[in-house]
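Residues per chain, in single letters:
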Amino acid sequence: MTALHASVFEAIGTTARVIVTDPGALPGARAVLMHELDELDRAASRFRSDSELVLLNQARGKERRVSPLLLEALSVALRAAELTDGIVSPMVGRTLRLAGYDTTFALVAGRDGRRFAPKFAVVVDWRLLELDEDQQTARIPPGVELDLGATAKAFAADRAAATIARAAGCGALVNLGGDISVAGAAPPGGWAIRLADHHTSTPDRPGPAIAIKSGGLATSSTTARRWRTASGELHHVVDPRTGRPARTPWRTVTVAAATCVDANIASTAALVLGEEAGAWLEARGLPARIVALDGATVRTGGWSPEAA
């Protein structure tokens, strides 16, 4: 059995974990992941005043030059919207802020929600995000605020796993709060992954597990990022059709796909789609495990039975 070597730390509001098959590669792998996440935070954070995304949100409709990293992250977000007919949209930033998710989640979860009255905003068409790859610019209409929470972590996981595997010449797994990407040669039997509702869960906790040899796995959930308000509890998965947290019968959706980005696009869309999720995933041939609010489990696309 191949020994695996892991490093775990907190970053961008979640738990970051990198695992490699070569012990000598672990320090370098950790450094690569930390660098990737720092760059992503500077480019795409909604919660730091100097991030490129915040400056774009504050541009009042003017075209703004952006870095290659943010341009790629925005392109990924637009692809997600196109693939899901707008069900996964980057245009939800303003309604998330008005609903109370207006700072890092640790601060949101810690405040007295009984004193906070949430508001909501109409989510505009995702096609109103304009990118010019030649000029390296982006523009959004005045008053619109972007949020890349549905794709940015998965995007970073794919980038980091590929970079680590290429540089170290070994197998690598990157897990960013349930957004998992693997690259390089997998250990015998594949990468064993234990499924959980919350990103703080550890691999040794009881629960179902599966193994993947390539690509990505993503879990989207309405249970982890919840906050109290004067109108009751809210969660962070917005339905762009209503501008409000999605009303869904599902607790978690886990999807396997060719990349972590594709897996996360699908898992987020499935939460928002609700009862239509199973048919939507089956039509795309995506293996998925869907857990209802009452704990009942639905599997699609040839999802393999889990080990206990």
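Relevant structure appears above.
Residues numbered from 1 in each chain as written. Predicted model: local features only at pLDDT ≥ 70, side-chain atom pairs only at ≥ 80, totals over all residues. Heavy atoms only, no water.

### Describing the side chain of T95
Its place among the elements puts T95 in helix α4 (residues 93-99). A polar atom in the side chain of T95 sits 2.9 Å from the backbone nitrogen of A121. If we ignore the near neighbours within four places in the chain, the residues touching T95 are K119, F120, A121, V123, V238 and G243. (Helix = DSSP H or I, 4+ residues; strand = E, 2+ residues; numbered from the N terminus. Polar contact = N/O pair within 3.5 Å; in protein donor to acceptor, adjacent residues only side chain to side chain. Contact = heavy atoms within 4.5 Å.)

### Let's talk about helix α7 (residues 260-273)
Along its 14 residues, α7 runs 20 Å from first to last C-alpha, staying within 8% of the 20 Å computed at 1.5 Å per residue. Immediately beyond the C-terminal end of α7, within one or two residues, lies G274, with a positive phi of roughly 65 degrees. (Expected span 1.5 Å × (residues − 1).)

### A short note on the sheet that holds strand β1 (residues 5-11)
Across the sheet, which stays open at both edges, the 8 strands sit in the order β1-β2-β6-β7-β10-β15-β16-β17 with antiparallel pairing between neighbours. With one partner strand each, in any of the chains shown, β1 and β17 (297-300) form the two edges of the open sheet. Direction aside, the axes of adjacent strands within the sheet are offset by 10 degrees on average. The strands that helix α1 (residues 26-44) touches are β1, β2 (14-20) and β6 (172-176); relative to β1, the one it contacts most, it runs at about 25 degrees. (Pairing = 2+ DSSP bridges. Axes fitted to C-alpha atoms, helices over the stretch in contact; angles between N-to-C directions.)

### Concerning the sheet that holds strand β5 (residues 137-139)
Pairing is antiparallel across the open sheet formed by 3 strands, whose spatial order is β3-β5-β4. Two strands in the sheet have a free side with no partner beyond their single neighbour: β3 (64-65) and β4 (130-132). In terms of strand pairing, β4 meets β5 through 3 bridges, oriented antiparallel. In the sheet register, E130 faces β5, and the bridge partner there is R139. Strand contacts of helix α3 (residues 68-83): β4 and β5, with the helix running at about 135 degrees to β4, the strand carrying the most contacts.

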